[in-house]
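Understanding the architecture of this molecule
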Amino acid sequence: MDFALATDSEFKCRACAQCLGRGCIGQLPGMGGVWQSRNFLLNCAAWDALPADDVPVLPEHLGIAPVTGAVQNIGYANEADFYLPYFSAAKKEGIALCVGDGAPDEKLMLGLSAVRELNASAYFFLKPYPDEKLFERLEWVRGAAVAVGMDIDAYNIVTMRNQVSLERKTEAQLSEFRHKSGLPLIIKGVFTPDDIELCRRVLPDIIVVSNHGGRVETAECSTAEFLAANSARLTDVCGELWVDGGIRKTRDVQAALTLGVKKCIAARPFIAPLIRGGEPAMQDAIRAFFNY
């Protein structure tokens, strides 16, 4: 198997010519996924099987996915070195900035600092910490967030087990979180029938269909397949429907738009060019999605 390796051999991302989940199998922590990257591989392969209308893909249809753990997962020498160029390239191309959360707290703070340095605003995805800690984090991001929500599946992320206390959030907890934030509510990690029912009761502003890039132990399925089976039910219970997982090319975005999605978010296809060629290379990778 041929790989176009990043210049710095310390990077865990193999910078494959095509990011399809094959180069990082077994890498966790790293760029891979659970079960020998089974869902990661399915995510990448499934979009081609879906119909896609030939519609323009514009910057408003794309965003960078929330990423933390630059040292553990990507191989940066310093966590702080990742966030500013990642967000800056996205901002220059006019696509949405999504900021992740992690442990230790500096990961969220570094993302927040980069957004503020760019005089930008972003969508913030907090981990489902116990409420007291969660509400504290909410105050940290206030003023920089256009919307805030949670990775509801994050309690099941293999790489965060035994590091922090995360919990599965209830309808009441999500409603209280929305009330305290006063901002549009995002629920990310929707991938099971129970998740759909939770969304039906909460009615979030944004739903993100996601299996965390194949990094959570959940049903064996691709996000494209889950979206195709459930898009009608999901669009009925939210303001906007988003998706991540395996988005690699213009047609993938078009397939998602055909199913009612408003925005696709991705990380791995942007991280590979970023570590190879810095911001300009990541900007080129972003522009490759557009067809206007």
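Our subject is the structure that appears above.
Think of each chain on its own: its residues are numbered from 1, step by step along the sequence as written. The predicted nature of this model means local features are confined to residues of pLDDT at least 70 and side-chain atom pairs, given and counted, to a pLDDT of 80 or more, with totals for whole chains, interfaces and linings taken over all residues. Side-chain measures here rest on the full set of heavy atoms in the structure, leaving out hydrogens and waters.

Concerning the pairing of strand β7 (residues 240-244)
Note on exposure labels: buried denotes an accessible area under 20% of the residue type's maximum, exposed denotes more than 50%, and partly exposed covers the range between, all computed with a 1.4 Å probe on protein chains only. In DSSP terms, a helix is any run of H or I states spanning at least four residues, a strand is any run of E spanning at least two, and both are numbered starting from the N terminus. Burial runs high along β7: four of the five residues are buried. Pairing geometry for strand β6 (residues 206-209) and β7, over four bridges, is parallel. Across the sheet, residue I207 finds its bridge partner in β7, namely L241. With its strands directed away from the observer, a crossover is right-handed exactly when the path from the first strand over the helix to the second travels clockwise. Following the backbone out of β6, through helix α8 (residues 223-235) and into the adjacent parallel β7, one traces a crossover that is right-handed. This β-α-β element, β7 to helix α9 (residues 250-258) to strand β8 (residues 263-266), shows right-handed connectivity. Should DSSP find at least two bridges between two strands, the strands are taken to pair.

Considerations on the pattern of salt bridges
For salt bridges, the criterion is a side-chain nitrogen of Lys or Arg within 4 Å of an Asp or Glu carboxyl oxygen. Across all of its chains, the model carries 20 salt bridges by this definition. Its salt-bridge partner being R38, residue E220 comes within 3.4 Å of it at the nearest N-O pair. With a gap of 182 residues between them, E220 in the loop between β6 and α8 and R38 in helix α1 (residues 34-46) connect regions that are remote in the sequence. A salt bridge links R137 to D101, with the nearest nitrogen and oxygen atoms 2.7 Å apart. Separated by 36 residues along the polypeptide, R137 in helix α5 (residues 131-141) and D101 in the loop between β2 (98-99) and α4 (106-117) bring together distant segments of the chain. A residue is classified by how much of its surface remains accessible, and R137, at 0% relative accessible area, is buried. On the basis of relative accessible area, D101 is assigned to the buried category, the value being 1%.

Description of the packing of helix α3 (residues 80-92) against helix α10 (residues 268-287)
With axes taken as lines fitted to C-alpha atoms, and helix axes fitted only over the stretch in contact, angles between N-to-C directions fall between 0 and 180 degrees. For the pair α3 and α10, interaxial distance at closest approach is 8 Å and the crossing angle is 15°. By the angle class used here, α3 and α10 are roughly parallel. In this structure, α3 meets α10 at a crossing whose hand is left-handed. Together, F82, P85, Y86, S88, A89, A90 and K92 of α3 and I271, L274, E279, M282, Q283 and I286 of α10 make up the contact between the two elements. Each residue belonging to the contact of α3 with α10 can be placed in one class, and the counts come to nine nonpolar, two polar and two charged. Note that the term roughly parallel is reserved for angles under 35 degrees, roughly antiparallel for angles over 145, roughly perpendicular for angles of 65 to 115, and oblique for everything else. Put simply, a crossing is left-handed when the front helix is turned counterclockwise from the back one by less than a right angle, and right-handed when it is turned clockwise. Whether two residues are in contact is decided by their heavy atoms: any pair within 4.5 Å suffices. Three classes are used: nonpolar for Ala, Val, Leu, Ile, Met, Phe, Trp, Tyr, Cys and Pro, charged for Asp, Glu, Lys and Arg, and polar for all others, with Gly counted as polar.

Description of the nonpolar core
Across soluble globular proteins, nonpolar side chains show a tendency to be buried alongside one another. Within the largest apolar cluster, 100 residues are counted, with the highest numbers of intra-cluster contacts made by I74, F82, Y86, F87 and F124. Top element by residues in this core is α10. It accounts for eight residues. With residues up to four places along the chain from it excluded, the contact list for F87 reads I64, L97, C98, V99, G111, A114, V115 and L118. The criterion is simple. A nonpolar core is a set of buried Ala, Val, Leu, Ile, Met, Phe, Trp, Tyr and Cys residues joined through side-chain atoms within 4.5 Å.

Side note on the sheet that holds strand β4 (residues 145-151)
Backbone-to-backbone hydrogen bonds pair the strands of a sheet. The strands run either parallel or antiparallel. Strand order in the open sheet formed by eight strands is β1-β8-β7-β6-β5-β4-β3-β2, with parallel pairing between adjacent strands. Each edge of the open sheet carries a strand with a single partner, namely β1 (62-64) and β2. Bridging between β1 and β8 involves three bridges; their strand directions are parallel. From the neighbouring strand, I64 faces β8, where its bridge partner is A266. Those strands touched by α8 are β5 (185-190), β6 and β7, and its axis lies near 170° from that of β7.

Observations regarding the packing of α3 against α4
Helices that pack against each other are described as a pair by the angle of their axes relative to one another and the distance between those axes. Where α3 contacts α4, the axes come no closer than 9 Å and their chain directions differ by 35°. Note that α3 runs across α4; the crossing there is right-handed. Taking contact as the criterion, the partners of A80, Y83, L84 and F87 in α3 are, on α4, K107, L110, G111, A114, V115 and E117. In the contact of α3 with α4, the residues fall into seven nonpolar, one polar and two charged.

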